[in-house]
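Next come the chains, spelled out residue by residue.
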Amino acid sequence: MKNKRKLALLALVAVPSLIYTAPTTSASAADLTGHIKTAYIYNNTYYYNSNVANVDRLISNINDTASSFQTNLEAAIKAYNELTETEKQYVNNYSTLSNHQQTRVAYRKLAAQIDEKLASVEPTSVNYYQNVMETKNWYNTLNAAQKTFVSADSQKILTSYITPNTSVDKVINKIQLLNSSRITFHQDVADARAELNALRRFTYVYLPAGIENTLLDAEQLVAKDKAAAKDVENAIAALSPKTSTAQDVQAAKTAFEALTPVQQQLVPNVWTLVDFVNGKYDLPTKGNGTKTPILSDAAAVPGKITAMTKNKNTYTAKINVADTENNTDRFVLTTKSNMTVIIPPLGTLLNEDTGVMEIKITKSSNRITFQATLNKKPVEFEANMEIIIDNLSQNASIVRTYDSGKQVPADYTVEGNRHFIQTNTPGSFQINY
């Protein structure tokens, strides 16, 4: 018996590593009793129970570029949530699981943007095909995992074959109907270009001679419209209640009104100009105190007929503008070229300035250029100025022309062989016989 005890003691001494140390865990005795395989220290190495090991494996299997990303992530989250609070403490790669959840949020946002872009254009729109192709190109840059977050309806469209909902004849007709005087001109040009681009992505397109040049010319006119509108936008933006004068406001107003209706709708800050024009701000005046204007001794007399001075084919006259001048009678200016200019009373002059108004009218062939400036700035009246042209055929028509080449019907009336052009601002006019 004694020998057997000695052998047993020797065995214990020879294999000391078989002695277990006490479990190192923050769990209570009750927790250890209920989950006997939770985790033990064996030679300072952690051993995990099967639940923890399974979660570690599920997290390791997640690939955020594979089509299985969503499925594997959901499985790992579900398994992790089923662990006890003690078991969760032993999940080694929980930070990886957390990162994947953040990735899922980013993928959902990206997929929502693609769904929104695809839905932003109606299937009946001329831009629908182009929008689908653009969205498809974006969709094709995604990895397999990201694509799974895009809605099933969107995926069906983006992976299917579609054709443009237009034709060569429709495109040609759109280009031929482009009209730069229409308010929708810019959108019409964009639509025509979009349809043409859509066709060219689909197949080779042959357009009759001159048709594409018409579209290119229209696009150049759109660019000029935008540039003209931008200049006025900048002029309005430069107005300041502290430094701008009434003359500055008037200059911006005149510039805006010189734009065509199509150009005017491109000026985004027009209501700022309206506030200045309507007197919302108390503006400073130029200089210190009131200065006496330098007037002309050879100025036209209000209420009387004045012959304009001729130099080649240009006629000129001067009108004094000051508080001391008669502001209730109109000016009648005559020429030797069957033209008479009527300037309304100075009381209707909108320019808040004083000095000498310069009036010039030039007739070259069938083109009339009318200038009226005060201190080198175009004038504007509340009432209309009139240009009376004698001995014109009753069938003659008059159009107003702009620097951009744009022409619009002029405001005029006909009485016998006399045409009366009405305008409250200077301008150029063309007579069509």
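All of the points below concern the structure found in this document. Note that this is a predicted model, so its numbers are computed, not measured.

Quick notes on the overall build of the protein chain
The helix and strand inventory of the protein chain stands at 15 helices and 16 strands. Going through the 433 residues of the protein chain one by one, you find that 38% of them count as buried. A sequence separation of at least 24 residues applies to 67% of the contacts in the protein chain between residues at least 6 apart.

Digging into the packing of aromatic side chains
By the definition in use, this model includes 5 aromatic pairs. Here the aromatic rings of Phe69 and Phe149 are separated by 6.3 Å at their centres, their planes lie at 55°, and the arrangement is tilted. Note that Phe69 is positioned in helix H4 (residues 69–81) and Phe149 in the loop between helix H8 (144–147) and helix H9 (152–158), a separation of 80 residues in sequence. Overall, the relative accessible area of 0% leaves Phe69 in the buried class. By relative accessible area, which is 12% here, Phe149 ends up buried. Between Phe276 and Tyr281, the ring centres sit 4.7 Å apart and the planes meet at 45°, which makes this aromatic pair tilted. Residue Phe276 is classed as buried on the basis of its relative accessible area, which comes to 6%. Taking the relative accessible area as the measure of exposure, Tyr281 reaches 28% and is therefore partly exposed. Of the aromatic side chains, those joined through ring pairs into one cluster are Phe69, Tyr107 and Phe149.

Remarks on the packing of H4 against helix H6 (residues 94–119)
Between H4 and H6, the least distance of the axes is 11 Å, while the angle of their chain directions is 135°. Here H6 runs oblique to H4, going by the angle between their axes. Note on packing geometry: the crossing formed by H4 with H6 is left-handed. Across the interface between the two elements, Phe69, Leu73, Glu74, Ala76, Ile77 and Tyr80 from H4 touch Tyr94, Leu97, His100, Gln101, Thr103, Arg104 and Tyr107 from H6. Of the residues belonging to the contact of H4 with H6, the class tally is 8 nonpolar, 3 polar and 2 charged.

Notes on the environment of Gln155
Mapped onto the elements, Gln155 comes out in helix H9. When the C-alpha positions of Gln155 and Lys136 are compared, they lie 9.2 Å apart, and in sequence the two are 19 residues distant. A distance of 3.4 Å separates the side chain of Gln155 from the side chain of Tyr139, its partner in a polar contact.

Topic: the nonpolar core
Counting residues in hydrophobic clusters, the biggest one holds 33 residues, and the most contacted among them are Val55, Phe69, Val91 and Leu97. When residues of this core are traced back to their parent elements, those giving at least two are helix H3 (50–60), H4, H6 and helix H7 (128–139). Not counting residues within four places of it along the chain, the set of residues in contact with Val91 comprises Val52, Val55, Asp56, Ile59, Tyr80 and Leu83. Listed in part, the 32 residues of the second largest apolar core include Tyr315, Leu333, Ile368 and Phe381.

A word on the pairing of strand E11 (residues 385–389)
Within E11, 4 of the 5 residues are buried, which leaves the element mostly enclosed by the surrounding structure. As judged from the 5 bridges shared by E11 and strand E15 (residues 418–423), these two strands associate in the antiparallel manner. Bridge pairing in E15 places Met385 opposite Thr423.

What to know about the side chain of Thr423
Looking at where Thr423 falls in the secondary structure, it is placed in strand E15. A polar atom in the side chain of Thr423 sits 3.0 Å from the side chain of Arg400. Ignoring anything within four residues of it in the chain, the contact list for Thr423 reads Phe370, Asn384, Met385, Arg400 and Phe429.

Here's the deal with the pairing of strand E14 (residues 412–415)
Where E14 meets E15, 4 bridges bridge the pair, whose relative direction is antiparallel. Each residue of the ladder has a partner; that of Tyr412, found in E15, is Ile421. Linkage of E14 to E15, two consecutive antiparallel strands, is achieved through a turn of 2 residues, within which Gly416 is found at a positive phi near 65°.

Brief notes about the packing of helix H10 (residues 168–176) against helix H12 (residues 211–237)
Where H10 meets H12, the axes come as close as 9 Å, and the angle between the chain directions of the two elements is 50°. Comparing the axis directions of H10 and H12 gives the class oblique. In this structure, the crossing between H10 and H12 has a hand that is left-handed. Residues Ile172, Ile175 and Gln176 of H10 lie in contact with H12, whose contacting residues are Ile211, Thr214 and Leu215. Tallied by class, residues from the contact of H10 with H12 come to 4 nonpolar, 2 polar and no charged.

Remarks on the pattern of salt bridges
Counting across every chain of the model gives 12 salt bridges. The partner of Glu74 in a salt bridge is Arg104, and the shortest N-O contact between them spans 2.4 Å. Taken together, the positions of Glu74 in helix H4 and Arg104 in helix H6 put the pair 30 residues apart, joining distant regions of the chain. We classify Glu74 as partly exposed; its relative accessible area is 39%. You can call Arg104 buried: its relative accessible area is 12%. Here Lys78 and Glu82 are joined by a salt bridge, their closest N and O atoms 2.8 Å apart.

Quick notes on the environment of Ala298
Looking at the secondary structure, you find Ala298 in the loop between helix H15 (270–277) and strand E3 (305–307). Look at Ala298 and you get exposed, because its relative accessible area is 65%. Distance in space between the C-alpha atoms of Ala298 and Ile319 is 8.6 Å, their sequence separation being 21 residues.

Remarks on the sheet that holds strand E7 (residues 339–343)
Across the sheet, 6 strands lie side by side as E3-E6-E7-E11-E15-E14; this open sheet has mixed pairing. The sheet terminates laterally at E3 and E14, the two strands that pair on one side only. The mean angle between the axes of side-by-side strands here comes to 20°, regardless of whether they run parallel or antiparallel. Summarising the sheet, E7 and E11 pair through 4 bridges and their orientation is antiparallel. When the sheet's bridge partners are listed, Met339 is paired in E11 with Ile389.

Reading guide: rules and limits
- Residues numbered from 1 in each chain as written.
- Predicted model: local features only at pLDDT ≥ 70, side-chain atom pairs only at ≥ 80, totals over all residues.
- Heavy atoms only, no water.
- Helix = DSSP H or I, 4+ residues; strand = E, 2+ residues; numbered from the N terminus.
- Buried < 20%, exposed > 50% of the residue type's maximum accessible area, 1.4 Å probe, protein only.
- Contact = heavy atoms within 4.5 Å.
- Phe/Tyr/Trp six-rings, centres within 6.5 Å; stacked < 30°, edge-to-face > 60°.
- Axes fitted to C-alpha atoms, helices over the stretch in contact; angles between N-to-C directions.
- Parallel < 35°, antiparallel > 145°, perpendicular 65-115°, else oblique.
- Left-handed = near helix turned anticlockwise from the far one by under 90°.
- Nonpolar A, V, L, I, M, F, W, Y, C, P; charged D, E, K, R; others polar.
- Polar contact = N/O pair within 3.5 Å; in protein donor to acceptor, adjacent residues only side chain to side chain.
- Core = buried A, V, L, I, M, F, W, Y, C linked by side-chain atoms within 4.5 Å.
- Pairing = 2+ DSSP bridges.
- Salt bridge = Lys/Arg side-chain N within 4 Å of Asp/Glu carboxyl O.

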